Amino acid sequence: MLYDMQKVKEFLPELRLLIHELEQDKRLAVHSRIDQFHYMTRAEELKILLDQYEREKSCLDATAQLILSRYDDIIKQYNKDKEWITGMN
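Because the structure is a prediction, the values reported are computed rather than measured.

## Remarks on the overall build of the protein chain
Right, so step 1: Assigned secondary structure in the protein chain consists of three helices and zero strands.
Right, so step 2: Whereas a compact globule of 89 residues would reach a radius of gyration of roughly 12 Å, the protein chain reaches 26 Å, over 25% beyond that.
Right, so step 3: With respect to the principal axes defined by its C-alpha atoms, the protein chain has extents near 90 × 15 × 15 Å.
Right, so step 4: Going through the 89 residues of the protein chain one by one, you find that 11% of them count as buried.
Right, so step 5: A total of about 7,800 Å² of accessible surface is found on the protein chain, and carbon and sulfur atoms cover 59% of it.
Right, so step 6: Positive and negative side-chain charges in the protein chain, numbering 14 and 17 respectively, have mean positions lying 1 Å apart.

## A short note on the side chain of Asp25
Right, so step 1: When you line up the elements, Asp25 lands in the loop between helix 1 (6–24) and helix 2 (28–33).
Right, so step 2: One polar contact links Asp25 to Arg27, side chain to side chain, over a distance of 2.6 Å.
Right, so step 3: Those residues in contact with Asp25, other than ones at most four positions away along the chain, are Val30 and His31.

## A few points about the pattern of salt bridges
Right, so step 1: Overall, the coordinates contain five salt bridges when judged by the stated rule.
Right, so step 2: As a salt-bridge pair, Glu45 and Arg42 come within 3.1 Å of each other at their nearest N and O atoms. Note that Glu45 and Arg42 are positioned in helix 3 (residues 36–88) at a spacing of three residues, about one turn of the helix.
Right, so step 3: Arg42 sits in the partly exposed class, given a relative accessible area of 41%.
Right, so step 4: Lys47 is paired through a salt bridge with Asp51; the nearest N and O atoms lie 3.1 Å apart. Remark: Asp51 and Lys47 occur in helix 3; sequence separation between them is four residues, near one turn of the helix.
Right, so step 5: By relative accessible area, Asp51 is classed as partly exposed at 35%.

## Points about the environment of His38
Right, so step 1: Inspection of the secondary structure puts His38 in helix 3.
Right, so step 2: Residue His38 is classed as partly exposed on the basis of its relative accessible area of 34%.
Right, so step 3: Taking the C-alpha atoms as reference, His38 lies 16 Å from Pro13; in sequence the two are 25 residues apart.

Each value, and the rule that gives it
- Residues numbered from 1 in each chain as written.
- Predicted model: local features only at pLDDT ≥ 70, side-chain atom pairs only at ≥ 80, totals over all residues.
- Heavy atoms only, no water.
- Helix = DSSP H or I, 4+ residues; strand = E, 2+ residues; numbered from the N terminus.
- Rg over C-alpha atoms; globule rule 2.2 N^0.38 Å.
- Buried < 20%, exposed > 50% of the residue type's maximum accessible area, 1.4 Å probe, protein only.
- Areas by Shrake-Rupley, 256 points an atom, 1.4 Å probe, with all protein chains shown as cover.
- Lys, Arg positive; Asp, Glu negative; His and termini not counted.
- Charge placed at Lys NZ, Arg CZ, Asp CG, Glu CD.
- Polar contact = N/O pair within 3.5 Å; in protein donor to acceptor, adjacent residues only side chain to side chain.
- Contact = heavy atoms within 4.5 Å.
- Salt bridge = Lys/Arg side-chain N within 4 Å of Asp/Glu carboxyl O.

In structure tokens:
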């Protein structure tokens with residue numbers, strides 16, 4: 001089963017914007033309440049995982065195309081042979 005990662009892809013720029021805002025805002029109150037490092041590590045983690053997902057999805061897509069191509073070849077021959085055998089009876 002493949003998953004739709006669009007919401008994650010759309011969230012990353014928002015996350016990066018928050019990180020940027022935190023980098024610009026040096027107030028102690030902000031940084032004592034919000035952990036900038038947490039968001040930085042999570043953003044990088046999501047990016048790495050999305051990249052990995054896309055690579056593996058691409059590989060799965062290629063494998064699926066190969067399977068379907070082979071299936072099409074086999075089913076055509078199977079249907080011809082089955083029709084021929086049925087016609088002999």
